[in-house]
Amino acid sequence: MLFLEIQKVHGREILDSRGNPTVEAWVSVRGPLDGREYTALAAVPSGASTGRFEAVELRDGETRYFGLGVQHAVKNVNEKIASALVGRNALEQVEADRILMETDGTENKGNLGANATLAVSLALARAAARALHLPLYRYLGGCSVRKLPVPMMNILNGGRHASNTVDFQEFMVMPIKAETFADGLRICAEIYHNLKKILEKKGLSTGVGDEGGFAPNLPDAQSALELIVEAVQAAGYGPGQDIGIALDVASSELYNEKTGMYHFPGESSLRGQEVLRDTGEMIAYYEELLEKFPILSIEDGLAEDDWDGWQTLTRRLGERIQLVGDDLFVTNVKRLDAGIKLKAANAILVKVNQIGTLSEALNAVQMAMENGYRAVISHRSGETEDTTIADLAVAMNTGQIKTGAPCRGERTAKYNRLLRIEEELGTAACYMDPFGRM
Ligand code: PGA
Ligand code: ZN
């Protein structure tokens, strides 16, 4: 077995795309063949509509950066994590991640911080790949990798990602019939620009939300979907034929535990009366939207703890569309396992910082796939220039990626990385409709 000795582990505080601090780590390892030092960086993203069951993002809680500083997490990288990992073999990712978990000693990374552990876990994989002179996707996925993911491209933002009146968090287009990833990306960008023109013509705002999608004030989800269909057609594509629509309702943000109802603040403010829906009404609402629009996927259609509701939702819609658990599963195999047993949802959203190590995120993808669930690799609303998730989507063969609009550098960094991977794979590269409707 090759030995890639971990030489240094170093963390620092950097900024994410919302101007909040986050953790970056670099790891250096000794090349097994030439004895040279190879260094790689990784940076951790951060959510806004975070699930209640996510691993802990350690924040300083002091006055600097309004309490959001990550100096304690960085200190954990530089001291506890560095001393636990230096001298070990970077090729043993699972063992290194186990040591991170053991050093932390909690269920939810509450001691070291999942932001500290993840930065190191990802930088470690990147450094190992570099020392072996392999692209990251190849190092993680092996010799058979070839599938480029279909983007779930978020072109209209609402919810916690914008200050408009749209209550659903994300409206996404999926170029399911494109020939290549590059072609799919182009189609999405063309739709995005058409949407901008349509919004301008209607006198609506073309300012963008946290993930780069437009964030106009609209009365409800139906009007957002109508605009998207119009943009798809204006770009010359067939809604439902060339382009599918995906939604992330992020409904845990709408759910009120006291009333047991979903509250729609945007719709309410425009109608001048409170708009509420219970679980049954939410499902009926989705059925109504499915009749009118080519929706292929709904994420977090119900709240993170409404297992009964999720079972009903899956019984009612699971044969027709993809139902993605984000806050429901939080990239956690225990929650995913519970969901599989209950037949709740049929896909998992995989966000590496929800769980805090690379190996655990890979386990979640594997468990999903072994049980007939799809997996979608995802960014967070607060991102950095780090492109690890692009390689991860290719390596794990997930066939789908969620990484925002074709706008804002932290989003395009991932898309551009996928363009480079597709070119590098050459004739081996393949791109296909993840729902198998060829
Ligand atoms: P978040 O949003 O990163 O703010 O949690 C992304 C999502 O809900 O999918
Ligand atoms: Zn989500």
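Residues numbered from 1 in each chain as written. Chains lettered and ligands numbered in written order. Predicted model: local features only at pLDDT ≥ 70, side-chain atom pairs only at ≥ 80, totals over all residues. Heavy atoms only, no water.

1. Examining the environment of Lys258
Where we set the bar: Secondary structure elements are taken from DSSP: a helix is a run of H or I of four residues or more, a strand is a run of E of two residues or more, and numbering for both begins at the N terminus.
In this structure, Lys258 sits in the loop between strand E9 (255–256) and strand E10 (261–263). On a C-alpha basis, the gap between Lys258 and Phe181 in space is 45 Å, while along the polypeptide they are 77 residues apart.

2. Considering the site of ligand 1
Short version of the rule: What makes a residue near a molecule or strand is one non-hydrogen atom of that residue sitting within 4 Å of it. Here a polar contact is recorded for every N or O atom pair within 3.5 Å, except that within protein the pair must consist of a potential hydrogen donor and a potential acceptor, and residues adjacent in sequence are included only if both atoms are side-chain atoms. Each residue gets one of three labels, nonpolar for Ala, Val, Leu, Ile, Met, Phe, Trp, Tyr, Cys and Pro, charged for Asp, Glu, Lys and Arg, and polar for the others, Gly among them. Domain extents, as shown, originate in an automatic or database domain assignment.
Near ligand 1 lie 15 residues; those nearest to it are Ala48, His161, Arg380, Ser381 and Lys402. Take Asp326: an N or O atom from its side chain is 3.0 Å from an oxygen atom of ligand 1. Lys351 places a side-chain nitrogen or oxygen 3.2 Å from an oxygen atom of ligand 1. In terms of residue class, the shell around ligand 1 is made up of two nonpolar, five polar and eight charged. A domain-level breakdown of the shell around ligand 1 finds at least three residues from each of domain 1 (5–133) and domain 2 (150–428).

3. Observations concerning the sheet that holds E9
Definition in use: Each pair of strands is called paired provided DSSP finds at least two bridges between the two strands.
Read from one edge to the other, the open sheet built from three strands follows the order E9-E10-E11, with strand pairing classed as antiparallel. At either end of the open sheet lies a strand with only one pairing partner, and these are E9 and strand E11 (276–277). Sheet topology note: the E9/E10 ladder contains two bridges and is antiparallel. Within E10, the position partnered with Asn256 by the bridge is Met261.

4. Focus: the sheet that holds strand E2 (residues 21–30)
Heads up, the condition is: Fitted lines through C-alpha atoms give the axes, limited to the stretch in contact for helices. The angle between two N-to-C directions lies from 0 to 180 degrees. Throughout, a contact is declared for two residues whenever any of their heavy atoms are within 4.5 Å.
Strand order in the open sheet made by the three strands is E1-E2-E3, with antiparallel pairing throughout. In this open sheet, the two strands that pair with only one neighbour each are strand E1 (6–15) and strand E3 (37–43). Recorded for the sheet is a direction-independent mean angle of 20° between the axes of neighbouring strands. Across the sheet, helix H1 (residues 71–85) touches E1 and E2, and the angle it forms with E1 is around 175°. Contacts from helix H3 (residues 114–131) reach E1, E2 and E3, with the element oriented near 140° to E3.

5. A word on the domain arrangement of the chain
Heads up, the rule is: Summed over both partners, the accessible area (1.4 Å probe) lost when two parts come together is defined as the buried area. Take a side-chain nitrogen of Lys or Arg and a carboxyl oxygen of Asp or Glu: if they are within 4 Å of each other, that pair is a salt bridge.
Per the domain assignment, the segments of the chain are domain 1 (5–133) and domain 2 (150–428). Using only C-alpha atoms to locate each centre, domain 1 and domain 2 end up separated by 27 Å. Here domain 1 and domain 2 share an interface that buries about 2,700 Å² over both sides, 48% of which is from carbon and sulfur atoms. Summed over the three residues of domain 1 that lose the most area to domain 2, namely Ser17, Ser49 and Phe53, the buried surface amounts to 23% of that side. Inspection of the region where domain 1 meets domain 2 yields seven salt bridges. Of the charged contacts in the structure, one is a salt bridge between Lys109 and Glu360, with a shortest N-O distance of 2.9 Å. Put simply, domain 1 and domain 2 have 24 residue pairs in polar contact (both at pLDDT 80 or more) between them. Elements that contribute at least two residues to the side of domain 1 that touches domain 2 include exactly E1, E3, helix H2 (93–104) and H3. With seven residues, H3 is the largest single contributor of residues to the side of domain 1 that touches domain 2. Considering only residue class, the side of domain 1 that touches domain 2 consists of 17 nonpolar, ten polar and nine charged.

6. Quick notes on the pairing of strand E6 (residues 153–157)
The condition that has to hold: Only protein chains enter the accessibility calculation, which uses a 1.4 Å probe. A residue is then buried if its area is under 20% of the maximum for its type, exposed if over 50%, and partly exposed in between.
Burial analysis of E6 places five of its five residues in the buried class, which makes it a mostly covered element. Alignment of E6 against strand E7 (residues 170–175), held across four bridges, turns out to be antiparallel. Along E7, the bridge assignment pairs Met153 with Val173.

7. A few points about the coordination of the zinc ion (ligand 2)
We count it as follows: Distances up to 2.8 Å from the metal define which N, O and S atoms are donors, and 3.2 Å serves for Na, K and Ca; water is absent from the atom set, so sites may look incomplete.
At 2.0 to 2.2 Å from the zinc ion (ligand 2) lie its protein donor atoms, namely Asp248 (OD), Glu299 (OE) and Asp326 (OD). For the zinc ion (ligand 2), the donor residues sit on a single chain with the sequence spacing D-x50-E-x26-D. A residue pair is termed long-range when its members are at least 10 positions apart, and Glu299 in strand E12 (residues 295–299) and Asp326 in the loop between strand E13 (322–325) and helix H10 (333–342) qualify at 27 residues. For the pair Glu299 and Asp326, a shared accessibility class is recorded, and that class is buried.

8. Describing the packing of aromatic side chains
As a reminder, the rule being used: Between rings of Phe, Tyr and Trp, where Trp is taken as its six-membered ring, a pair exists when centres lie within 6.5 Å; planes separated by under 30 degrees are stacked, by over 60 edge-to-face, and by other angles tilted.
Taken as a whole and assessed by the stated rule, the structure comprises ten aromatic pairs. Measuring from ring centre to ring centre gives 6.3 Å for Phe168 and Phe264, while their planes differ by 50°; the resulting arrangement is tilted. One end of the pair, Phe168, is in the loop between E6 and E7; the other, Phe264, is in the loop between E10 and helix H7 (265–271), and 96 residues separate them in sequence. Neither residue differs from the other here; Phe168 and Phe264 are each classed as buried. Aromatic side chains Tyr255 and Tyr262 sit 4.9 Å apart centroid to centroid with 55° between the ring planes, which places their arrangement in the tilted category.

9. Quick look at the pattern of salt bridges
Per the counting criterion, the structure on display carries 35 salt bridges. Two residues, Arg52 and Glu304, come together in a salt bridge whose shortest N-O distance is 3.5 Å. Of the two residues, Arg52 sits in the loop between E3 and H1 while Glu304 sits in the loop between E12 and helix H9 (307–317), which places them 252 residues apart along the sequence. With a relative accessible area of 11%, Glu304 lands in the buried category.

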